[in-house]
Amino acid sequence: MASLRRAPCRWPGECETGEVKKKQVWCNQTVFFAVAYRTTKYGLSCNTMRRAVWLLLGGWLLLAGTVRAEGLVEITDVVKRAFKATPGGHLELEMDRGNVEISTTAESAVYVEVIRTLQTERREEAERLLEGHQLTFEQEGESIYIKSQLSEDGSWRFWKRKNIRIRVEIRIRVPRRFSVAFTTGAGNVDLRDLEGTVEGETGAGNVTLRNLRGTVQISTGAGNVEVTELEGHLEAETGAGNITVKGLRGSADAETGAGNITAEFVAPPEKDSRFESGAGNVTVFVPARVGFVLDASTGIGSISSDFEVRIDRDWISAEARGTVNGGGPTLRLEAGLGNVSLRRL
């Protein structure tokens, strides 16, 4: 917030003596709409009016905050489960709303913690409604299935109609060598330190992956995808959001409808890779001595490269193709509306 040092107000226009008009008050880059009285008649200085506005606004905010705090009851409930599991098992998670955090444990077990925070007007109602949150835990052999659902039809209308606020967070720990599949309607996903196949889909939310080994397939309707230290193959797609890949050892196929893509290979690509943005910039970093074939294009934008390749420029579009350091897998970089950059590490 801007500092509240004393400064004169500036009125956009003058009033005749005694006339009352609705004015726009500019004080320290803050805009207020107030009723301005000609000071010559009522004896009100600009500083006095400014203090009055701040007092009225502050009192209103204090009253609103008090009503909100007193009108809602918050209950936090934690559900815990533990399953015996050996490395090489499989976890499947399905939830309609909430954040997910999946990490690893050195034990031959899977630990699940479901944290539910609910705000409503009456504690009795909150406790009753928590019972309506469907939680399912099943194990069949080395496969573990978890489901979190807030209503039978998977919609939020019931909770909205009751003026209820609920947050669900699921924390899971699995053996390091484990496969994971998850589906969420809305929520962020954080997954790290796994060796195995990862398949995930979220309707809306950010996906963060760290220190993985294996094949990773991720899709989000709207949200950012961030991958750090992956050894294997990545397939990432988002309808609207940025895709960032750092420390890639392997290959990738990444696509965003609207957003920027930044990818960093720290080892030679193992097979063909593609990075495509419908509207956004595409930037790929490759080690200086790595061999590959470049196939780059942009519909509206420019192409730049630290490697010696041929770049053909048209009026608003550009294409670049060429063999670098004797060739190798193909790097396909595409931007419908945006710039394409190939950089040397």
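Residues numbered from 1 in each chain as written. Predicted model: local features only at pLDDT ≥ 70, side-chain atom pairs only at ≥ 80, totals over all residues. Heavy atoms only, no water.

1. Here we look at unusual backbone geometry
The phi dihedral of Asp193 falls on the positive side, at around 65°, and the residue is not glycine. Of note, Asp193 is situated in the loop between strand S11 (189-192) and strand S12 (198-202). Judged by relative accessible area, which is 23%, Asp193 ranks as partly exposed. One non-glycine residue, Glu229, adopts positive backbone phi at about 65°. Within the secondary structure, Glu229 is located in strand S14 (residues 225-238). (Helix = DSSP H or I, 4+ residues; strand = E, 2+ residues; numbered from the N terminus. Buried < 20%, exposed > 50% of the residue type's maximum accessible area, 1.4 Å probe, protein only.)

2. Description of the packing of aromatic side chains
Enumeration over the complete set of coordinates arrives at 2 aromatic pairs. Ring plane angle 85° and centroid distance 6.1 Å describe the contact between Phe265 and Phe275, whose orientation is recorded as edge-to-face. Of the two residues, Phe265 sits in strand S16 (residues 261-265) while Phe275 sits in strand S17 (residues 273-279), which places them 10 residues apart along the sequence. Here Phe265 and Phe275 have matching classes, each one buried. Plain terms: the ring middles of Phe292 and Phe307 are 5.4 Å apart, the flat faces sit at 85° to each other, and that makes the pair edge-to-face. Note that Phe292 is positioned in strand S19 (residues 292-300) and Phe307 in the loop between strand S20 (303-305) and strand S21 (310-313), a separation of 15 residues in sequence. Phe307 carries the same exposure label as Phe292, and that label is buried. Seen from the ring of Phe307, Arg344 lies directly overhead, with NZ or CZ sitting 4.8 Å from the centre. (Phe/Tyr/Trp six-rings, centres within 6.5 Å; stacked < 30°, edge-to-face > 60°. Lys NZ or Arg CZ within 6 Å of the ring centre and 35° of its normal.)

These values are about where atoms sit, not about what they do.
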